[in-house]
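# Observations on chain architecture
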Amino acid sequence: MYVNRPRRIRIRALLLASLAMVPSLSPTSAQQNERLLNSTLQTQATVDSASRRSQTTVAQLADQRNDLLADYRVATQQLDRLTIYNGNLERLVADQELEKQSIARQLEEFGDVEKGIVPLMYEMIDALDTFISLDMPFSRRERADRVHRLRENMESSDFTVSEKYRQIMEAYQIETGYGRTIEAYSGSLPVDGEERTVDLLRIGRIVLAYQTPDQSHTGVWDKSGKQWVDVSGDYRRTVADGLRIAKKQAAPTLLQLPVPAAEAGE
């Protein structure tokens, strides 16, 4: 227990009073009493010092307890948050595991589909090649090169199956587009036994005509006969007008062009 200053004063006063009440002693006895008093006062000072140190220790321990209590509360809050976070992670991992299993099943199914679609893609390329060979002979080189690239890409590992299929479908769309467009381009054809540069006019897949630059020769493709038929006299001006329209050099207008008769069974 800490002894405050007033109490020490009272103790010293009591000691002095006690000594005053003692009959006069010899000098030796007085010296002994003084030593006793000094020893008592020293003991009291030691006790006071120890009490102060004890009080300081108690205060420090109280501060440490408060700090530890605050740290415990913070740690408890962090633990609660980590528990919630870990629970969320567990649910995410479980969902990802389900997604992984789904992807694995889809890959297996895709492997089965791929086994069936690759042969189909080869058949589609063959059918396109046959169609071009039987069609009107326009842009033959360009169309044949497109089919050749499709065959090469089928043997290449640079393209996925889906990309190869997309390229085939794009080639089919291009061929389909020829049926609803008008086009003029230059080419070379045998005219009067001589290879000559001509202007070719394609109107959909209905009419394919040619005309020499001097307009001395004009002809159309005969589907049934698979050959060029000369129509220089009657349709020379009409084909010339069609070429200008296709080149956007003249406004669109009605054209009277020879349309070969369809083959039997078409």
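From a predicted model like this one, the values you see are computed outputs, not experimental measurements.

### Concerning the confidence of the model for the protein chain
Residues with a pLDDT of 70 or more make up 85% of the protein chain, whose mean pLDDT is 82. Mean pLDDT values for the elements of the protein chain range from 52 in helix α1 (residues 5-21) up to 95 in helix α3 (residues 140-154).

### Here we look at a nonpolar patch on the surface
A cluster of nonpolar side chains, namely Leu82, Tyr85, Leu89 and Leu92, defines an oily patch on the protein surface of about 370 Å² accessible area. Checked against the element boundaries, Leu92 lands in helix α2 (residues 27-134). For Leu92, a relative accessible area of 43% corresponds to the partly exposed category.

### Points about the pattern of salt bridges
Counted under the stated rule, the structure contains 14 salt bridges. Here Asp126 ties to Arg151 by a salt bridge, and the two come within 2.8 Å at their closest N and O atoms. In this pair, Asp126 is assigned in helix α2 and Arg151 in helix α3, connecting sequence segments 25 residues apart. According to the relative accessible area criterion, Arg151 is partly exposed, its value standing at 29%. A salt bridge links Arg151 to Asp129; its shortest N-O distance comes to 3.4 Å. With Arg151 in helix α3 and Asp129 in helix α2, this residue pair connects regions lying 22 residues apart in the sequence. Accessibility expressed as a relative area gives 33% for Asp129, which makes it partly exposed. Residues joined in a network through salt bridges with shared partners are Asp135, Glu142, Arg143, Arg146, Glu175 and Arg205.

### Regarding the packing of α3 against helix α4 (residues 161-178)
At a minimum axis separation of 10 Å, α3 and α4 run at an interaxial angle of 165°. Between α3 and α4, the angle falls in the class roughly antiparallel. Seen along the crossing, α3 lies across α4 with a hand that is left-handed. Together, Glu142, Arg143, Arg146, Leu150, Asn153 and Met154 of α3 and Lys164, Gln167, Ile168, Ala171, Ile174, Glu175 and Tyr178 of α4 make up the contact between the two elements. Looking at the contact of α3 with α4 residue by residue, the class counts come to 6 nonpolar, 2 polar and 5 charged.

What counts, and where the lines are drawn
One numbering rule holds for all chains: residues counted from 1, following each sequence as written. Local features in this predicted model are restricted to residues whose pLDDT is 70 or higher, and side-chain atom pairs enter the listing and the counts only when it is 80 or higher, whereas totals over whole chains, interfaces and linings include all residues. Excluding hydrogens and water, the side-chain values take into account all heavy atoms of the structure. Per residue, pLDDT captures the predictor's confidence, and it can take any value from 0 to 100. Strands are runs of DSSP state E lasting at least 2 residues, helices are runs of H or I lasting at least 4, and numbering of each runs from the N terminus. Residues enter patches when their relative accessible area tops 30% and they take part in no salt bridge; the joining distance is 9 Å for like charges and 5 Å for the nonpolar side chains Val, Leu, Ile, Met, Phe, Trp and Tyr. Areas reported as accessible are Shrake-Rupley estimates using a 1.4 Å probe. Residue values count occlusion only from the protein chains shown. In what follows, salt bridge is the name for a side-chain nitrogen of Lys or Arg lying within 4 Å of a carboxyl oxygen of Asp or Glu. Residue exposure (1.4 Å probe, protein chains only): buried if accessible area is under 20% of the type maximum, exposed if over 50%, otherwise partly exposed. Only C-alpha atoms enter the line fits that serve as axes; for helices the fit covers just the stretch in contact. Angles between N-to-C directions range over 0 to 180 degrees. Oblique is the label for every angle not falling under 35 degrees (roughly parallel), over 145 degrees (roughly antiparallel), or within 65 to 115 degrees (roughly perpendicular). Throughout, a crossing is termed right-handed when the near helix is turned clockwise from the far one, and left-handed when it is turned anticlockwise from it by less than a right angle. By the convention used here, residues are in contact when the closest approach between their heavy atoms is within 4.5 Å. In the scheme used here, Gly and all other residues not listed as nonpolar or charged are polar, with Ala, Val, Leu, Ile, Met, Phe, Trp, Tyr, Cys and Pro taken as nonpolar and Asp, Glu, Lys and Arg as charged.

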